[in-house]
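# Summary of structural features
Single-letter residue listing:
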Amino acid sequence: QVQLVESGGGLVEAGHSLRLSCAASGLAFNRYAMGWFRQTPEKEREFVASLSADSRAIRYIDYVKDRFSISRDDDKNTVYLLMDSLKPEDTAVYYCAAATQYGAMFSYGRADYWGQGTQVTVSP
């Protein structure tokens, strides 16, 4: 059974940082591209960042690419999202995703597996 378990969310003030973690189990982690998405009650789930299985390709939405950094540790089967200079607009539930097709996450919002989400709230 595949599980993706996010952690690291919370309440922070604008300008501060958070690091999200996603621990994967039940899959060949090093064969999957990994990504992060986010969703608010007012908006559909949106792509945030993705990292290919071989770590050679990375993609971010324009709004976060100078502030967020995605990385992975294949020895720990974990993907991270370091979020710096957080803004109130970054408030959302953040979801981890695993996909066999790297491009599908950015282009179509598709993934093979999803985590349950972790809440990030940024106060002004």
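Structure: see above.
About the thresholds
- Residues numbered from 1 in each chain as written.
- Predicted model: local features only at pLDDT ≥ 70, side-chain atom pairs only at ≥ 80, totals over all residues.
- Heavy atoms only, no water.
- Helix = DSSP H or I, 4+ residues; strand = E, 2+ residues; numbered from the N terminus.
- Contact = heavy atoms within 4.5 Å.
- Pairing = 2+ DSSP bridges.
- Axes fitted to C-alpha atoms, helices over the stretch in contact; angles between N-to-C directions.
- Core = buried A, V, L, I, M, F, W, Y, C linked by side-chain atoms within 4.5 Å.
- Buried < 20%, exposed > 50% of the residue type's maximum accessible area, 1.4 Å probe, protein only.

### As for the side chain of Thr78
Secondary-structure assignment places Thr78 in strand E8 (residues 78-83). Look past the residues within four positions of Thr78 in its chain and what remains in contact with it is Ser21, Cys22, Ala23, Phe29, Ser71, Arg72 and Asp73.

### Some details on the sheet that holds strand E1 (residues 3-7)
An order of E1-E3-E8-E7 is seen for the 4 strands of this open sheet, with the pairing classed as antiparallel. Both edges of this open sheet fall to E1 and strand E7 (68-73), since each of them pairs with a single strand only. The sheet shows a mean angle of 15 degrees between the axes of neighbouring strands, direction not considered. Examined bridge by bridge, E7 and E8 share 6 bridges and lie antiparallel to one another. Bridging from a neighbouring strand, Ser69 pairs with Leu82 of E8.

### A few points about the nonpolar core
Core analysis: the biggest nonpolar cluster contains 35 residues, and Trp36, Leu81, Met83 and Tyr94 have the highest contact counts within it. At the level of elements, strand E3 (18-25), strand E4 (33-39), strand E5 (46-51), E7, E8, strand E9 (92-99) and strand E11 (118-123) are the ones that each hand at least two residues to this core. Per-element tally for this core: the top contributor is E9, with 6 residues.

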